[in-house]
Amino acid sequence: MEILVLMGVLLLLLALGVPVAFSLFGAALATFLVIDIPLVVAVQRMAAGISVFTLMAIPFFIFAGDLMYRAGIADRLVRVADAAFGRVRGGLGLVDVGASMMFGAVSGSAIASASAIGSTMVPLMDEKGYDRDYSVNVTVTAAIVGLLIPPSHNMIIYAAASGVGVSIGDLFLAGIMPGLLTGAMLMLTAWLVARSRNLPRGEFPGWYKFLRAGLFALPGVMTAVIIMGGILSGVFTATESSAIAVIYTALVGTFVYRNLGWSGFWEAAQKSVRTASMVLFIIAAATAFGFALALLEVPAALASLIGVMTDNPILTLLIINVMLLMLGTFMDMAPLIVITTPIFLPVVMATGVDPVHFGIILMLNLGIGLVTPPVGSVLFVGSAVGGIPVATLVKTIWPFYFTLLAALVIVTFVPELSLALPRAF
C-alpha cells in the first residue's frame, strides 16, 4: 500500500505537470503521512542530501561553463573543428560533434553544450545549405558526449549518491575513452547521413589557419588540462578544481579573449545561481524520495527480484539498462542519479561490476534520456535554438539515437574501456 502511495502520487503529480522536484517531495510527504513518520524528517533528509562537501563543485562548474560560453570559447572551438573536419562531405556535422566534445571537456554540461555550440553551428550550417533538422539532431546528440568527457557535475552527483566512496578523479578518467568513442561513432553517423542526403562539402583552409585556430583555442581548452592535472597530481581536490576553473575562465575571458566584461560576468553569476539552485533542490527532493524508498525496502526488493531473474552480470546490466532507459524518458538526469544509484549500484556490485564502470554506464544511459521525449531537456534546448518542432526532430533523429545506444552497449560490456585509465593512474 505504501509503495503504491509513493509511486502513485509521484506519477500523478508528474502527469499534472508539477515540476520534478516538487513531485518527488510531494510523494515523499504523502508516504511519510501514510506510515506515520513526522514530516520534519523529510526536511531533515533534504538538508542532509545537499550538506555534502563534494556537491559544492556543482555550482562552480555550472558557473565556469556559463563563463566559457560568454567568453567566446565555443566560437573558437568551432573554428578549430572546422579547420580539421570541414573539408569532407557534411563536414560541418563532424565539426559540430568535434566542437561539442571539446566544449564538453571544459564545461561538462550537455545543456550548455547544446546551447553554446547550437547557437554557433545551426546558423552556420543554414548558410551552407544544410537541412535544419540534421543540424539540430547532430548538435543535441553530440552534446551528450559532454557528460562523459571530464569535468562533469553529474559524475559528482553520482559519487555523492553512491555511498561507497567512489573517487571523482577515477570517474573523470573513466569517462575519457567512452567519450572519445561515442564522439567518433557520432562523427561516422553524421558523415553517413550527410552522404545519403548529399549535403555540402567544405574546403580545407590550410595548415596556417588550422594552427592559428588551434592556438587561439588553446587557452580555453587548457581549463580541462588544469582540472585533470591538478586532481591527478594531488595539488587540489575535485571540489577545489571547480573554483579554480571559475577563476581561470574569468581571467581568460577577460584578459586573453577580452569578450567577458563585468555585465557578462554578472549575468553568468545570476544564471548560474538559478541553475545551481534548481539542480541542488532536485537533489534534495530526490534524497527525501530515496529515503522513503529505503524505508519501504524497495531497493532490497528490486535487488531480490533481479536476483531471482538472473545472477549473470551481463543479463543484470542489460535489465538495468532497459529500466534506466525507460525511466529516462520521463524524468530528468539529476534526480534519477540520486534515486537509482542506491537501488542499482548494490545489485551490480554483487555481480562483480566496478562502481566506477557503472557510473559511466549511468552517465551515458541517462544522457540518452536527455534526447528522448517527452522529458528530453537537451532535445527541447536544441528545438528552441534551431526553431524547429520536437516532433520534426524525432522523425529524423533515429540514426544518431541508435548510435548512442550502440555506444551504450559497448561501454556496458567492455569494462576496460572505462577502467583502463583509472587503473593506469
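What you are looking at is a predicted structure, and each value in this text was computed from that prediction instead of being measured.

J.: Looking at this model, I keep getting lost on a nonpolar patch on the surface. Mind explaining?
T.: On the surface, Ile314, Leu315, Leu318, Val322, Met326, Val409, Ile410, Phe413 and Val414 cluster together into a nonpolar patch covering about 750 Å² of accessible area. Every element with two or more residues in the nonpolar patch is listed here: helix H16 (313–327) and helix H21 (398–413). With five residues, H16 is the single largest residue contributor to the nonpolar patch. Following the sequence through the fold, leucine 315 ends up in helix H16.

J.: Sorry if this is basic, but what is going on with helix H9 (residues 153–162) here?
T.: An α-helical turn contains 3.6 residues, so a residue and the one three or four places further along point in the same direction. Across the ten residues that make up H9, a large majority, nine, are buried. Those residues of H9 not exposed but buried are His153, Asn154, Met155, Ile156, Ile157, Tyr158, Ala159, Ala161 and Ser162. Elements in contact with the buried residues of H9: helix H4 (57–70), helix H10 (168–174), helix H14 (262–295), helix H17 (333–350) and helix H18 (355–369). A positive backbone phi angle near 75 degrees is found at glycine 163, which sits one or two residues after H9.

J.: Explanation requested: the pattern of salt bridges in the structure shown.
T.: Two side chains that carry opposite charge are able to pair once their charged atoms sit near each other. Per the counting criterion, the structure on display carries five salt bridges. Taking the shortest distance from any N to any O, the salt bridge between arginine 70 and glutamate 267 comes out at 3.1 Å. Within this pair, whereas arginine 70 is found in helix H4, its partner glutamate 267 is found in helix H14, the two being separated by 197 residues in sequence. In this structure, aspartate 133 engages arginine 197 in a salt bridge whose closest nitrogen and oxygen atoms are separated by 3.1 Å. Taken together, the residues aspartate 133 in helix H8 (residues 132–143) and arginine 197 in helix H11 (residues 176–197) connect sequence positions 64 residues apart. A residue is classified by how much of its surface remains accessible, and aspartate 133, at 12% relative accessible area, is buried. By relative accessible area, arginine 197 is classed as partly exposed at 28%. What you see here is one network of salt bridges that share partners, running through Asp131, Asp133 and Arg197.

J.: Mind showing me how you'd approach the environment of phenylalanine 289 here?
T.: Inspection of the secondary structure puts phenylalanine 289 in helix H14. On a C-alpha basis, the gap between phenylalanine 289 and serine 272 in space is 25 Å, while along the polypeptide they are 17 residues apart. Apart from residues lying up to four places away in sequence, phenylalanine 289 is in contact with Leu6, Met7, Leu10, Leu24, Ala27, Ala28 and Ile339.

Reading guide: rules and limits
- Residues numbered from 1 in each chain as written.
- Predicted model: local features only at pLDDT ≥ 70, side-chain atom pairs only at ≥ 80, totals over all residues.
- Heavy atoms only, no water.
- Patch = residues over 30% accessible without salt bridge, like charges linked within 9 Å, V, L, I, M, F, W, Y side chains within 5 Å.
- Areas by Shrake-Rupley, 256 points an atom, 1.4 Å probe, with all protein chains shown as cover.
- Salt bridge = Lys/Arg side-chain N within 4 Å of Asp/Glu carboxyl O.
- Helix = DSSP H or I, 4+ residues; strand = E, 2+ residues; numbered from the N terminus.
- Buried < 20%, exposed > 50% of the residue type's maximum accessible area, 1.4 Å probe, protein only.
- Contact = heavy atoms within 4.5 Å.

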